[in-house]
Structure formats: structure tokens, C-alpha cells
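Okay, here's what each chain looks like letter by letter:
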Amino acid sequence: MIRARNLNRGRRASAHKTLTVSLGKFSYPIHIGENLLPQAGSRLARLGFDTAPIVITNPTVFKLHGWKLCKSLQAVYGPISVIHIGDGERYKDQRSLNKIYDGLFHARADRKSWLVAFGGGVVGDIAGFAAATYMRGIRYVGVPTTLLAQVDSSVGGKVGINVPQGKNLIGSFHQPSAVLADTGVLKSLPARELAAGLFEVIKCGAIRSTAMIGYLEKHLSQILSCQSEALQHIVLESLRIKAGIVARDEKEKHLRMVLNFGHTVGHAIEAATHFKRFKHGEAVAWGMLAALGYSMELGLTPREEAVRLASLIDRVEKMPSLKGIELSELWDALIRDKKFRAGDIQLVLVPKLGVTRIRDCIRRQHFKAYLKHFLRRGKRIF
Ligand code: NAD
Ligand code: GLY
């Protein structure tokens, strides 16, 4: 059950909301609103965090917004330790993880200590994994600072690192103890990062909410120009969808797979281009287009539904093209993906916007032939 409470009635754009991810004794609140960082210390103290946390972040985020967070934490807890990892996907690795462990030992962290993951999905995933493993598991709080992290990666407890054998191949499920999503920090995001996060918002709409799709169609320019009310709305509604799904299927036994709409082909596109050409969200957008086109070919999705979503994706950003990606590279990446069950290709399809179907037993040769066509024609398949 998801509850939303208005904690600041009367000031619409800056009203803070709270959702709860209901997971029994592991339930946790998500606070959403503009300008939450200066309240982080007092809010966390009210939630029962009574010792000083250790903040994990990167220099980019810390330089932009770290002072606001630290000032507020210091006012409540006194001096705070901060551990920096490098900025970028390549730092979601074993070396950075060791750096975090070293920092935790140096700060004399014990089993009662808690971390604050302050940054985008990279910081959130690795800090969450450090929390999952340090002394067999300590608490952590997510303070996500990218749109992607606010609407997706900070909630749900998927934590991990990349290894030379592949992305996110070492990891765990470890739920945060609270999440504070300050939508004000999104205003400093580069336009391309904002767009990449927006594709995950579109995914949420595509799998569960035509109201969200309608909202995005109507308010896209306000969102792209970081208007407060529009940002708060999409973060809140995406999280409502994600929290509801995670509460029903925490460990991705079945239902949670719908959150992977666009990810099967998306991950393969990222891997085939060595994680350099596309932002994660952009690859997911291409993956959603691939899944929609395939579903159209199977006669499951009416063309007008697919075209509606493709047009929305098109309005967000001119994405890097698929040019030069070899079918063999894409296919190799696809069959290496951990989402493949015992060699079967599994795809999340959207027969109608807001509705999903998980399709097992996709015929390999048929899908491979479709991908060849998709790589050649891209958006022109619609
Ligand atoms: P990211 O963490 O690399 O952040 C993108 C860039 O934005 C970085 O350079 C970062 O320093 C910068 N940045 C962050 N906040 C900023 C701000 N407020 N203003 C200006 N710049 C800011 O990338 P991301 O897109 O947030 O996350 C991608 C990662 O998330 C990938 O590793 C992906 O695997 C992971 N992910 C995890 C889940 C999950 O469920 N755990 C879901 C989706 C993605
Ligand atoms: N990002 C997909 C999930 O959390 O399951």
C-alpha cells in the first residue's frame, strides 16, 4: 500500500510529499520535494537516525550541492565523514568499492553506522552495495541527485558494481532505510542527463499509467525547462508506480520484471557500444522502441499506440543513433545478459499503453531477424 501525504499544504510547487515502500519490517519512507537538502538532518533525526552518518558521493555532486546537505547534517550530528569516488560509470567498480570500505574502517564505522548515498545511480548502486556488505550489512539512506536516480535506481534495493565480465554482475538486494529526493537539485543537471532520466519516466507511464503519458505529452516543455511543479509531479508519480511494484515483488520473481521494459535490448545496445555512446536512459529508450516494434510485428500492439510512445520519445531528445552497431555484437551482448532465463529470451511487451505482458519463449531466429531490421531502420519502423 502506498500512502502520499502532503506535508506542506498551501504551497503547491514546494509541497513535500511522502510515499512509503511497504515491505513489512523493511518498509521505508521516500520524501519528495524541492529544497529538502537543508532539512535532511532534522528529517533523518525524526526517523530515528541518531548517530552521524558517513556520506558517499562524487566531487561533481559534492561541489554543487554538498554544502547544503552537510550543513544540515552537521547541525544535527556534528562532524560528518565524506568519502568520494570518481565521477562516471567506470568508477562503479571494485577499486571504488575498496576505497569506500577503507574509508569506513578509517572512520571506525561499526554495525550501527549508516551511510548516505549522495549522487546519481552510480553512487547509489555502489554505496548501497557497500552498505549491503560492510560488516554483513548496515543501513543506508538514498539522497539521489539525478532524475534517473530519483525516479528509479534509488528505490527498490538493487545495488551492485560492474566487473570486467559485465555490468551489475556483482550485487545484492539491500533496501535503503529512507530516501530523500530533493527535486531542486535536478536544476543543475546537464540537459542530456535530464533527458536520460525522462526516458525512465516515460517507461513508468508506458507500463502502468496513461495519465502519466498524457501529462508528459502536455507538460514536456515545462519539464525540460525544470519547472518545479512539473519535476515534482513526474518524480512523485514515477515513484508511486515503482514503489507499488517493488512492494509486491521485491526480489523480481515476476511482476517487477515489468520495470525492465526496454532494458533487454537497451542493455545490449549499451554493451555493444562499450558503454560509451549512450546514456543508460537513452539506450532504454531505443530498447523501448525495439520492443514496441517487435510487439507490433507480433500483432500485439496497435500501430497508433506504438507511434504515440515513439513520438513522445522523439520530442525529448535527439538520441545518439544506432549507426554502425553490428547485429552480431548486439546479439552477443543480448544473450550474455543476466536477464535471460536458461537461454530463453524474455521480453516485456506493452500491448496497450499502461498495460504489460511478459513474453517468455521468444523465438530466437525470429527475434534476431527482427533486430537486423530494427538496426537498419531505427525509428523508421513505425
Ligand atoms: P550517474 O550517477 O553517472 O550521474 C550522471 C552524471 O550526472 C554524473 O556525471 C554525475 O556526477 C552528475 N550529477 C549527478 N547529480 C547531479 C546534479 N544534481 N547536477 C549536476 N550533475 C549531477 O548516472 P545516472 O544516470 O544517475 O545512473 C546510472 C547508473 O544507475 C548506472 O550505473 C545504472 O546501472 C544504474 N541504475 C541502477 C538501477 C537500480 O535499480 N539500482 C536502475 C537504473 C539504473
Ligand atoms: N530498474 C529496474 C528495477 O529496479 O527493477
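Here is a short report on the structure shown in this document. Quick caveat, the model's predicted, so the values are computed rather than measured.

If you check the shell around ligand 2, you find Asp152, Lys158, Lys242, Glu252, Arg256, Leu259 and Asn260 and nothing else. Residue Lys158 places a side-chain N or O atom 2.9 Å away from an oxygen atom belonging to ligand 2. Surface burial for ligand 2 is 89%, taken as the share of its 200 Å² of free accessible area covered by protein chains. Residues of the shell around ligand 2, tallied by class, amount to one nonpolar, one polar and five charged.

Next up on the list: the site of ligand 1. Not every one of the 27 residues close to ligand 1 is listed here, only the nearest: Glu89, Thr145, Thr146, Lys167 and Ser188. Note that an oxygen atom of ligand 1 is positioned 2.7 Å from one of the side-chain N or O atoms of Glu89. A distance of 3.0 Å is found between a nitrogen atom of ligand 1 and a side-chain nitrogen or oxygen belonging to Asp125. Coverage of ligand 1 by the protein chains reaches 89% of its 860 Å² of free accessible surface. Counting residues per element, the shell around ligand 1 draws most heavily on helix α2 (residues 59–77), at four residues. Among the residues forming the shell around ligand 1, the class breakdown is seven nonpolar, eleven polar and nine charged.

Before going further, it helps to spend a moment on the pattern of salt bridges. Charged atoms that come close allow side chains of opposite charge to pair. All told, the structure shown has 14 salt bridges when counted by the stated rule. In this structure, Lys203 and Asp152 form a salt bridge, with 3.7 Å as the shortest nitrogen-oxygen distance. Here Lys203 is found in helix α6 (residues 191–208), whereas its partner Asp152 is found in helix α5 (residues 147–153), with 51 residues between them in sequence. Comparing Lys203 with Asp152, the two get one shared label, buried. What you see here is one network of salt bridges that share partners, running through Glu89, Lys92, Asp125 and Lys167.

A volume near 570 Å³ is recorded for the second largest pocket. Listing elements by their share of the lining of the second largest pocket, those giving two or more residues are β8 (158–163), β9 (166–173), α9 (263–272) and α12 (327–336). The element that contributes the greatest number of residues to the lining of the second largest pocket is β9, accounting for four residues. Grouping the constituent residues of the lining of the second largest pocket by class yields six nonpolar, seven polar and ten charged.

Analysis parameters
Residues numbered from 1 in each chain as written. Chains lettered and ligands numbered in written order. Predicted model: local features only at pLDDT ≥ 70, side-chain atom pairs only at ≥ 80, totals over all residues. Heavy atoms only, no water. Near = heavy atom within 4 Å. Polar contact = N/O pair within 3.5 Å; in protein donor to acceptor, adjacent residues only side chain to side chain. Areas by Shrake-Rupley, 256 points an atom, 1.4 Å probe, with all protein chains shown as cover. Nonpolar A, V, L, I, M, F, W, Y, C, P; charged D, E, K, R; others polar. Helix = DSSP H or I, 4+ residues; strand = E, 2+ residues; numbered from the N terminus. Salt bridge = Lys/Arg side-chain N within 4 Å of Asp/Glu carboxyl O. Buried < 20%, exposed > 50% of the residue type's maximum accessible area, 1.4 Å probe, protein only. 1 Å grid on protein atoms, 1.4 Å probe; cavity = no way out; pocket = protein on both sides within 12 Å on 5 of 7 lines; lining within 4 Å. Points joined across faces, edges and corners; volume = space filled by probe spheres on them.

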